[in-house]
Amino acid sequence: MTAGGGDGCTEPAGLTQAQFRRRFHYRPPQRDKGGPERLWRSCRPDTACVSRCLRRRLPILAWLPAYRYHDDLFGDVIAGTTVAIMHIPQGMAYALLAGIPAIHGLYMAFFQCLVYAVMGTSRHLSVGTFAVTCIMTGKVVVEYSGPAAARTGAVYDPVLVATTVTLAVGIIQLVLFSVRLTALAVVLSEMLVQGFTTGAAVHVLLSQVPSLLGLERPLFSGPGRLLKLTGAIIQKLATANTASIVISATTIVILVLNNELVKPRLAKWTRVPFPIELLVVLVGTLGSYLGDLSGRYEVQVIGNVTTGLPQPSSPSLVLLPRVLLDSAVIAVVTYSAGLSMAQLLATKHGYTVDASQEMLAQGVGNLFSAWFLCAPMAASLSRSLIVDGTGGRTQASGIITALLLLAVLLWLGPLFSLLPKCVLSAVIVVSLKGLLSQLVGLPALWRSSRADALVWTGTLLAVVLIDIAAGLAVGVLLSLGVLLWRLQRPPAELLGRLPGSQYYVSLERYQAAEPVPEVCVFRFGGALHFCNVDYFRRRLATLTGLERARLSPTERHVTSEHNWCRPASGSRQDTELLTPLTADDSDTEDFCRVERHCYRAPKEDRDAIIAEEGGEGSIQLKFSWLVLDMSRVSFTDSTSTRALLATVRDYQELGVHCCLAGCTDAVLDMLHSCRSPLEEKQMYPTVQDAVSSIFTSETGQGNASEHCIER
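Residues numbered from 1 in each chain as written. Predicted model: local features only at pLDDT ≥ 70, side-chain atom pairs only at ≥ 80, totals over all residues. Heavy atoms only, no water.

Visitor: Any chance you could explain the nonpolar core here in plain terms?
Guide: Taken as a class, soluble globular proteins show a tendency for nonpolar side chains to be buried jointly. Met92, Leu97, Met136 and Phe196 are the most contacted members of the largest nonpolar core, which has 118 residues in total. When residues of this core are assigned to their parent elements, the largest contribution, 11 residues, is made by helix α6 (residues 103–119). In this view, leucine 97 contacts Ala131, Cys134, Ile135, Gly138, Val204, Ser207, Gln208, Arg217 and Ile428; residues no more than four positions away in its chain are not counted. Among the nonpolar cores identified, the runner-up in size contains 34 residues, and Ala492, Leu628, Tyr651 and Val667 belong to it. (Core = buried A, V, L, I, M, F, W, Y, C linked by side-chain atoms within 4.5 Å. Buried < 20%, exposed > 50% of the residue type's maximum accessible area, 1.4 Å probe, protein only. Helix = DSSP H or I, 4+ residues; strand = E, 2+ residues; numbered from the N terminus. Contact = heavy atoms within 4.5 Å.)

Printed below as a string of structure tokens:
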């Protein structure tokens, strides 16, 4: 090994992994005790344990005794009142999306808000009706109560179908909670959720077009139902109701002007938004009553609205198994969306949300409200932001919302019987702006990550062209496919040392990086497992020249055109290996401290450093040491570990010494489990320790000083 002379260096040889552990008193983790003892310890009666469990599973027992009336009550009253006003038009409108009478949207708002205030951990989440959940429920309602069900001979009442779906969603969420599968929602990536909700918004938009035009809503189910609905609307355009079109257009214009012009200006003066949705509902109801719009102009109205709370009613246990698949999709989507919203608001206000408790709260809320004629429970982003914006401080705002809605249910319900349906449809359409505006970000997403854009676009197209449930399945498959593709091909590169430092960086990316003579440093940038172990071996062979050594001269000439290395910037004489590196040659003095006599590697063609032409056209590797930087390998499995050890043996048979640097504890434990034959001198905590030890062993302590860096 070539090394230059110098005046010595006090830098010791690099530490091996075993020396590193002994010097810094490594202590292996304690293994968990057996299952029976752990079970007994968790089930042993204890007053403090029972109290903690009750406060965790019933959060109201924790926040209500500590409630600060002087600080929190005013904000909670304002937020609860504002959200209650929003619930009236939104609840009635979204209930129609689910295919059930409008009053059931108010039932949902009352019962589900009450349950969540008792069991939820988010202080700002507003639950009840949500457009995406209601359109998914409406799809199941149409399937079992519409024309398609009539052809099979089993037709159910729409409300019965909706409550059965709610019961199934609650059961599924409680099962997921009991088996600790709350992390299931992680398969719903942000790109998937955005594409899915945008596609669902298209479903909602087209489903409201018949009501906006005063047409009877055609009922379709199955794949391609959105295309069928579009065709049916086009065929019936000639029979559209002029009065409904005028009312719809007027309502939409008023709502848009308020949202774009009035609301931003009003926000500068007060946190309480102007209740424009409730205003158009009241004006629409009054206009319908005074102008007899239903009788004179055949405008569709909501119809009979009952007063009081509903009597408990059992969902259909016969129908329950048939709706489980659709209910499972709804359960995962509602939980994922609600948890994301809750965590976003919790981060903003500096508190934490219990993910498992959120699953329990939604499951109990659905299970309870299913007996009171409610569709599945979900969180609403718009209402949650209103709770935050109007100063809501605790879950007490949900209780105030429920009490105000109770008054509406007991005394004011019949007032809305003459409300035109087209007014509610206009409210829904305008509220979709936030979901549909996600389309604007697609070009930027395509520029930043085409894989994420593929997930986004594929999910959207599948939801729109096939169906909502199928679209979610396609999105999950695309997300998992992209994830596996990324895990299978992590970055793998050769490293060089930055002059005058202990930093080893990519030779391809950093022009200043210099290879270490006779030492090849290879870094694998991800977990090593059975899926990518072949890629690991191929990439290592390609970059180190081993693959070229196995090719014929003709094949070698072709593959050299696609070599990873950058073109040579010039050649230098071998004597320049001994050129001293001074402080002037370093980029910055604060980046590293420079030793007096350290040589720099030549900036020659990287191929010449890895391999050279030997006799009779053969390829000879020009390095005698291979350092595998494992610092970015978070874990290995048994398959990849055995392949790694086999790779080390292959290089050693070629006369190349191999060592591993920067192994995590998980990798070291797996090596130990696989009975690794690697010696202590082949394992190092860092690349710098490995290189220092290599030069010490090859040249002796005196000459090794020329490669060391002052710490």
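Visitor: What exactly am I supposed to notice about the environment of isoleucine 466 here?
Guide: Structurally, isoleucine 466 is set in the loop between α22 (450–465) and α23 (468–488). Expressed as a C-alpha distance, the spacing of isoleucine 466 and leucine 227, which sit 239 residues apart in the sequence, is 8.9 Å. Apart from the residues within four sequence positions on either side, isoleucine 466 is in contact with Gly222, Pro223, Gly224, Arg225 and Leu461.

Visitor: In this structure, what is going on with the confidence of the model for the protein? I would like to understand it.
Guide: Detailed reading of the predicted coordinates is not advisable wherever pLDDT falls low. Residues at a pLDDT of 70 or more form 82% of the protein, whose mean pLDDT is 82. Taken together, the stretch residues 1–11 has pLDDT below 50 and engages in 37 contacts with residues farther than four places along the chain or on a different chain. Between residues 701–711, whose pLDDT stays under 50, and residues either more than four places distant or in other chains, the model counts 47 contacts. (pLDDT = per-residue confidence, 0-100.)

Visitor: When you look at the packing of aromatic side chains in this model, what are you seeing that I'm missing?
Guide: The geometry of an aromatic ring pair is captured by two quantities: the separation of the ring centres and the angle between the planes. In the structure shown here, the tally under the stated rule is 10 aromatic pairs. Here the aromatic rings of phenylalanine 111 and phenylalanine 368 are separated by 6.1 Å at their centres, their planes lie at 65°, and the arrangement is edge-to-face. Of this pair, phenylalanine 111 sits in helix α6 while phenylalanine 368 sits in helix α16 (residues 355–369), placing them 257 residues apart in sequence. Judged by its relative accessible area of 6%, phenylalanine 111 falls in the buried class. (Phe/Tyr/Trp six-rings, centres within 6.5 Å; stacked < 30°, edge-to-face > 60°.)

Visitor: I keep staring at the sheet that holds strand β5 (residues 519–524) and nothing clicks. Help me out?
Guide: To summarise the sheet geometry, strands pair through backbone hydrogen bonds and adopt either a parallel or an antiparallel arrangement. Within the open sheet, the six strands sit side by side as β4-β3-β5-β8-β9-β10. Their pairing is mixed. Lying at the two open borders of the sheet, with one neighbouring strand each, are β4 (504–506) and β10 (683–684). Pairing of strand β8 (residues 625–629) with strand β9 (residues 657–661), which is carried by five bridges, proceeds in the parallel orientation. Along β9, the bridge assignment pairs leucine 626 with cysteine 658. (Pairing = 2+ DSSP bridges.)

Visitor: When you look at helix α24 (residues 533–544) in this model, what are you seeing that I'm missing?
Guide: Since the α-helix turns once every 3.6 residues, residues separated by three or four places project in the same direction. Across its 12 residues, α24 extends 17 Å between first and last C-alpha, which sits within 8% of the 16 Å expected from 1.5 Å per residue. Taken from the residues just after α24, glycine 545 is the one with a positive phi, measuring 90°. (Expected span 1.5 Å × (residues − 1).)

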